[in-house]
Each structure stands twice: as C-alpha cells, then as structure tokens.
Amino acid sequence: MKANQADYLVKLMCGVLEVSSSDYYAWFDRELSARATEDADLTIRIRRIHAESDGRRARRAYRSNWPRWITSTSGASGWRV
C-alpha cells in the first residue's frame, strides 16, 4: 500500500482490501517482530555468501544437498538456522 500512496488514497485501498485504515496504520507503525528481524538478517547473510561465491557454490549445493550446506555454513558463521 505504501508504494501506491502517491496514486491512491489509503482509505480507498483499505476499502478494496477490506481492512480498516486504523488497522493499517497500527500495523504500519508496529516494529518488526524478533522472528522477522532474524529472517531479514539471515536473508542478507545468504545473499552475501552467494555473492562472494559468485553463485557457483550455491548452485552446486542446491543441486545436491543445500540444507546440509546452509546449515554447515551458518554454523561456521555462528548464527542459527
């Protein structure tokens, strides 16, 4: 909705989505949960690993056993998957 605020009124978009505008603003002002923050951090780290490997290791790992690869990589880095 935020991306479309320049073109449409929030009240109109909320009506189309059957959400009250007060609920939208309450959600919008809310901080990210701990899980969402961890997920965002993990995504950044995975993308960094992929970029550093030039994508080759990730493709190879995906074809074979990527869950084991991502777990071993993350454990070596000290973060939990």
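Residues numbered from 1 in each chain as written. Predicted model: local features only at pLDDT ≥ 70, side-chain atom pairs only at ≥ 80, totals over all residues. Heavy atoms only, no water.

Visitor: Can you help me understand the packing of aromatic side chains in this one?
Guide: What describes a pair of aromatic rings is the distance from one ring centre to the other and the angle between the planes of the rings. Here the structure, examined in full by the defined rule, presents three aromatic pairs. An aromatic cluster is present here, built from Tyr24, Tyr25, Trp27 and Phe28 joined pairwise through their rings. (Phe/Tyr/Trp six-rings, centres within 6.5 Å; stacked < 30°, edge-to-face > 60°.)

Visitor: Even after reading the chapter, I still don't get unusual backbone geometry, so can you show me in this structure?
Guide: Across residues other than glycine, the phi torsion is negative in most instances, and most of the peptide bonds are trans. Look at glutamate 18: it is not a glycine, yet its phi comes out positive at around 55°. With respect to the helices and strands, the residue glutamate 18 is situated in the loop between helix H1 (10-17) and helix H2 (21-29). Classification of glutamate 18 as exposed rests on a relative accessible area of 74%. (Helix = DSSP H or I, 4+ residues; strand = E, 2+ residues; numbered from the N terminus. Buried < 20%, exposed > 50% of the residue type's maximum accessible area, 1.4 Å probe, protein only.)

Visitor: Got a minute to help me understand a nonpolar patch on the surface in this structure?
Guide: A contiguous nonpolar patch, built from Tyr8, Leu9, Leu12, Val16, Leu17 and Val19 and spanning about 630 Å² of accessible area, is present on the exposed surface. When you line up the elements, tyrosine 8 lands in the segment before H1. (Patch = residues over 30% accessible without salt bridge, like charges linked within 9 Å, V, L, I, M, F, W, Y side chains within 5 Å. Areas by Shrake-Rupley, 256 points an atom, 1.4 Å probe, with all protein chains shown as cover. Salt bridge = Lys/Arg side-chain N within 4 Å of Asp/Glu carboxyl O.)

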